[in-house]
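Overview (structure and organization)
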Amino acid sequence: MLAITERAAEAINALVSLNEMPEGSGARIATDGQGEGLELALVPSPAQDDTVVQGSGATVYLENTAAQVLGDKTLDVERVEENGEEQMRFAIVPHQQQG
């Protein structure tokens, strides 16, 4: 099952709060319209067949295909530089080993 890092959970919760979304809101990961990748969006609730994943106080809803693809992955946040500015981006990474 998809794991959620504390950094990713903090980012999701901050975005939900910033956008004044209702209780139960979270991030939804689904295949894009062409089936070529995944998209992350904030939503007020899951779609009917979504898998619900919770971690570090955040909720992520996974569309069926996304749930299959991300079963052994971790949702994280990474710092990237774009146009000379540091930004944060969600990233899918291999499960991190607890050591």
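Quick note: structure is the one above.
Calculation criteria
Residues numbered from 1 in each chain as written. Predicted model: local features only at pLDDT ≥ 70, side-chain atom pairs only at ≥ 80, totals over all residues. Heavy atoms only, no water. Pairing = 2+ DSSP bridges. Helix = DSSP H or I, 4+ residues; strand = E, 2+ residues; numbered from the N terminus. Axes fitted to C-alpha atoms, helices over the stretch in contact; angles between N-to-C directions. Contact = heavy atoms within 4.5 Å.

Time to look at the sheet that holds strand β4 (residues 51–55). The strands making up a sheet associate through hydrogen bonds between their backbones, and the pairing can be parallel or antiparallel. Taken in spatial order, the four strands of this open sheet run β3-β2-β5-β4, and their pairing is mixed. Among the strands making up the open sheet, the edge pair consists of β3 (38–43) and β4. Each strand axis lies, on average, 25° off the axis of its neighbour in the sheet, ignoring direction. Both strand β2 (residues 26–31) and strand β5 (residues 58–62) contribute to a ladder of three bridges, which runs parallel. The partner of Ala27 across the bridge, within β5, is Val60. Along the sheet, helix α1 (residues 6–18) makes contact with β2, β3, β4 and β5, crossing β5 at roughly 90°.

Although it is not a glycine, Ser56 sits at a positive phi angle of roughly 55°. Along the chain, the position of Ser56 falls in the loop between β4 and β5. Within the chain, Asn83 stands out as a residue other than glycine whose phi angle is a positive 55°. When you line up the elements, Asn83 lands in the loop between β6 (73–82) and β7 (85–94).

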